[in-house]
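Results of the structural survey
In case you want the letters, here they are:
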Amino acid sequence: MAQVAVIGGGPGGVSCALWLKRLGVEPVLYERHSIGGQLHDITLPIPDLPGEPWIEARELIARLKQHLFTWKISVFEGREALEYRDDRVLVFRDGQEIHYPLVAYAPGLKVRQLNIPGREWIAKKSTTEMLQEPVSHPILVVGGGDRAFEAAIRFAESGRTVTLIHRREGFRARPEFQRRALELGIPIRVNAQLRAVEHGSPGLTAHIEESGKITSIRLSAVMVRIGMEPDIQPGLCSVPQSDVVPLWAHSRVRCLGDAVSPVAFRSIVSAYASGMAAAKELAMNFKCEA
Ligand SMILES: Cc1cc2nc3c(=O)[nH]c(=O)nc-3n(C[C@H](O)[C@H](O)[C@H](O)COP(=O)(O)OP(=O)(O)OC[C@H]3O[C@@H](n4cnc5c(N)ncnc54)[C@H](O)[C@@H]3O)c2cc1C
């Protein structure tokens, strides 16, 4: 009989499910999309996974799936958990309710959004999803980190016209991304802030503030990549005002992975370790209760 529900099929959730199984507690893994989490967004080979230099993310996803399969762990993809009710019932988006005495919650991160007029017109899709659509441009990318630069570079390399704006002068993006953006001639506007997006026909108009002056540009899409934040469902874990997600959402839901890690620790190895620590605590709690 299934004993612990693991929510989230990124590296943290997969690690937790494998460790639970190893510790003699039967997990069931639920993933809203498909196993891999943020690994699906990694386009360059991963340089820093010990023992696996330059592994491609899609290869790592395939190995994680194979590991779950070999260990006979029940996996349900396309299942989103919404709420943990009455300390025992896990409620899913499709209305199904299943009893679990303990839950491991590894939801990862979501893209932070700007709270500006017209925010509903900002693209919700990933870069990969946008690249799969028929060519439409120009595109505005907002942000100065790796994710903003990587998105802008991929749009430019696919032949789309793209502009990048950043509210400061310096960038957090790694130097090779900055060099590549220069090589591709991507226009970069610094000390520039997106203030509003308007929908017209055709396309969008972005209103950008620079040195106190607003200019407007016509676009087909606006993408915001200004950082990530924990992707927490309030029904599974209510985040206190401080925004620091607790390890135990309550006595039966153990949070893990990027969602509970300081920014500097967010990584695949850290998610693996977090999954292991959570599994050990959950297994101990389970055996105490049994
Ligand atoms: C572009 C990019 C490059 C990166 N490069 C590296 C790198 O080189 N090296 C490195 O170590 N790390 C890298 N990372 C970071 C690494 O991918 C993450 O640290 C790691 O994936 C975190 O794992 P996680 O399991 O905590 O969360 P995630 O990978 O975010 O997985 C969370 C999963 O939970 C699912 N989920 C959320 N809520 C629910 C719900 N209610 N019900 C069901 N499912 C739910 C989500 O769909 C998602 O699949 C990179 C990340 C990105 C985006």
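- The protein chain carries the name FAD/NAD(P)-binding domain-containing protein in an unreviewed UniProt entry, which gives Sulfobacillus benefaciens as its organism.

Considerations on the pattern of salt bridges
- Here the structure, examined in full by the defined rule, presents 16 salt bridges.
- E59 serves as the salt-bridge partner of R63, at 2.8 Å between the closest nitrogen and oxygen. Placement of the pair is R63 and E59 together in helix α2 (residues 57-70), with a separation of four residues, close to one helical turn.
- A residue is classified by how much of its surface remains accessible, and R63, at 38% relative accessible area, is partly exposed.
- The shortest N-O distance in the salt bridge between R180 and E157 comes to 2.9 Å. With R180 in helix α5 (residues 175-183) and E157 in helix α4 (residues 146-157), this residue pair connects regions lying 23 residues apart in the sequence.

A short note on the domain arrangement of the protein chain
- According to the domain assignment, the protein chain consists of domain 1 (4-111 + 228-289) and domain 2 (119-224).
- Taking the mean C-alpha position of each, domain 1 and domain 2 sit 32 Å from one another.
- Contacts between the two partners involve six residues from domain 1 and, on the opposite side, seven residues from domain 2.
- Here domain 1 packs against domain 2, burying approximately 490 Å² in sum over the two surfaces, 45% of which is carbon and sulfur.
- Where domain 1 touches domain 2, the interface holds one residue pair in polar contact (both at pLDDT 80 or more).
- Counted by class, the side of domain 1 that touches domain 2 contains three nonpolar, two polar and one charged residues.

A short note on α2
- Over its 14 residues, α2 extends 20 Å from the first C-alpha to the last, a length consistent with the 20 Å expected when each residue adds 1.5 Å.
- Those residues of α2 not exposed but buried are A57, L60, I61, L64 and L68. Seen from one end, α2 has its buried residues packed into an arc of 105°, which puts them on one side. Residues R58 and F69 are exposed on α2 and point more than 90 degrees away from its buried face.
- Check the buried side of α2 and you find it contacts α1 (11-22), β2 (27-31), β3 (74-77) and α6 (268-289).

Describing the pairing of strand β10 (residues 162-165)
- The alternating pattern of β10 places V162 and L164 and T163 and I165 on opposite faces, both of which are buried.
- Sheet topology note: the strand β9 (residues 139-142)/β10 ladder contains four bridges and is parallel. What sits directly across from I139, in β10, is V162.
- With α4 bridging β9 and the parallel β10, this β-α-β connection has right-handed handedness.
- Where β10 and strand β11 (residues 188-189) come together, two bridges link them in parallel fashion. From the neighbouring strand, L164 faces β11, where its bridge partner is I188.

About the cut-offs
- Residues numbered from 1 in each chain as written.
- Predicted model: local features only at pLDDT ≥ 70, side-chain atom pairs only at ≥ 80, totals over all residues.
- Heavy atoms only, no water.
- Salt bridge = Lys/Arg side-chain N within 4 Å of Asp/Glu carboxyl O.
- Helix = DSSP H or I, 4+ residues; strand = E, 2+ residues; numbered from the N terminus.
- Buried < 20%, exposed > 50% of the residue type's maximum accessible area, 1.4 Å probe, protein only.
- Domains from an automatic or database assignment.
- Contact = heavy atoms within 4.5 Å.
- Buried area = accessible area lost by both parts, 1.4 Å probe.
- Polar contact = N/O pair within 3.5 Å; in protein donor to acceptor, adjacent residues only side chain to side chain.
- Nonpolar A, V, L, I, M, F, W, Y, C, P; charged D, E, K, R; others polar.
- Expected span 1.5 Å × (residues − 1).
- Arc of directions from axis to C-beta.
- Pairing = 2+ DSSP bridges.
- Right-handed = clockwise from strand over helix to strand, strands pointing away.

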